[in-house]
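Coordinates in review
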Amino acid sequence: TKRKFRGYIGEKGIGFKSVFLVSDTPQIFSNGFYFKFYHKDEHNKLGFVVPYWIDEIPEFIDKKLTNIVLPFREDIKEELSIKFDDIESTLLLFLHKLKRVEIHNVAGFKPNIIARHDRNNGRVEIEHSDNKQCGKLVRKPLEVLETIREEKREGVKETDLTLAFPLEANGTAHT
């Protein structure tokens, strides 16, 4: 159901379905809708993913935002806990719709939070742990040449090239 135009590249939900690599019960809390999916659905034997309503909303959910909760699968929980500590804060630079990533370890450790703040003129601040990084994003729309268009991207005639340049906290060029 995605319209094929600049900025949208997904197809058939394959991107979201990849959450099943890390979670058996991904949960979505968005715009008054609260539902989850089961990787191994004992109720639905049709072979496709079906949403199930969630009645009780956890207290950490911010109802003003879209929240995606991915409880780790038991068999990879330890491995992922280590890897998520190594997430680069620059991850959010090019994911302009994603504003915050929080990783909570139920063992009581301090949560790992990365937040993106868009400022004026393409300036972006990324907060991670106790540090803040600043950058300038420069976007340039580019025409997709007829010779490299493909059937799955029919109608897409333009794409964006985005470059990021590090800045000092005061907005000057990083040396």
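In case you missed it, the structure is sitting above this.
A brief look at the structure comes next. (Residues numbered from 1 in each chain as written. Predicted model: local features only at pLDDT ≥ 70, side-chain atom pairs only at ≥ 80, totals over all residues. Heavy atoms only, no water.)

For the rest of this paragraph, the subject is the sheet that holds strand E5 (residues 100–103). The strands making up a sheet associate through hydrogen bonds between their backbones, and the pairing can be parallel or antiparallel. Taken in spatial order, the 5 strands make up an open sheet running E5-E6-E7-E8-E9, and their pairing is antiparallel. The sheet terminates laterally at E5 and strand E9 (158–167), the two strands that pair on one side only. Neighbour to neighbour, the strand axes of the sheet diverge by 20° on average, direction disregarded. (Pairing = 2+ DSSP bridges. Helix = DSSP H or I, 4+ residues; strand = E, 2+ residues; numbered from the N terminus. Axes fitted to C-alpha atoms, helices over the stretch in contact; angles between N-to-C directions.)

Here we come to the sheet that holds strand E2 (residues 33–36). On the basis of which strands lie adjacent, the open sheet formed by 4 strands has the order E3-E2-E1-E4 and antiparallel pairing. Here the strands that pair on one side only, and so sit at the sheet edges, are strand E3 (52–53) and strand E4 (67–69). Examined bridge by bridge, strand E1 (residues 27–30) and E4 share 3 bridges and lie antiparallel to one another. Of the residues in E4, the one forming a bridge with Phe 29 is Asn 67.

On to the nonpolar core, then. Counting residues in each nonpolar core, the largest one holds 9 residues, listed as Ile 87, Leu 92, Leu 93, Val 101, Ile 103, Ile 114, Val 124, Ile 126 and Leu 137. Taken together, the elements giving at least two residues each to this core come down to E5 and strand E7 (123–128). Sequence-distant contacts of Val 124, defined by excluding residues within four places in its chain, comprise Leu 93, Arg 116, His 117, Asp 118, Gln 133, Cys 134, Gly 135 and Leu 137. In terms of nonpolar packing, the next biggest core, distinct from the first, is built from 5 residues, Phe 29, Tyr 34, Ile 54 and Ile 61 among them. (Core = buried A, V, L, I, M, F, W, Y, C linked by side-chain atoms within 4.5 Å. Buried < 20%, exposed > 50% of the residue type's maximum accessible area, 1.4 Å probe, protein only. Contact = heavy atoms within 4.5 Å.)

Let us look at a nonpolar patch on the surface. On the surface, Val 138, Leu 142, Leu 161, Leu 163 and Phe 165 cluster together to form a nonpolar patch covering roughly 400 Å² of accessible area. Secondary-structure elements contributing two or more residues to the nonpolar patch are strand E8 (131–143) and E9. Considering every element that reaches the nonpolar patch, the biggest residue donor is E9, with 3 residues. Within the fold, Val 138 resides in strand E8. (Patch = residues over 30% accessible without salt bridge, like charges linked within 9 Å, V, L, I, M, F, W, Y side chains within 5 Å. Areas by Shrake-Rupley, 256 points an atom, 1.4 Å probe, with all protein chains shown as cover. Salt bridge = Lys/Arg side-chain N within 4 Å of Asp/Glu carboxyl O.)

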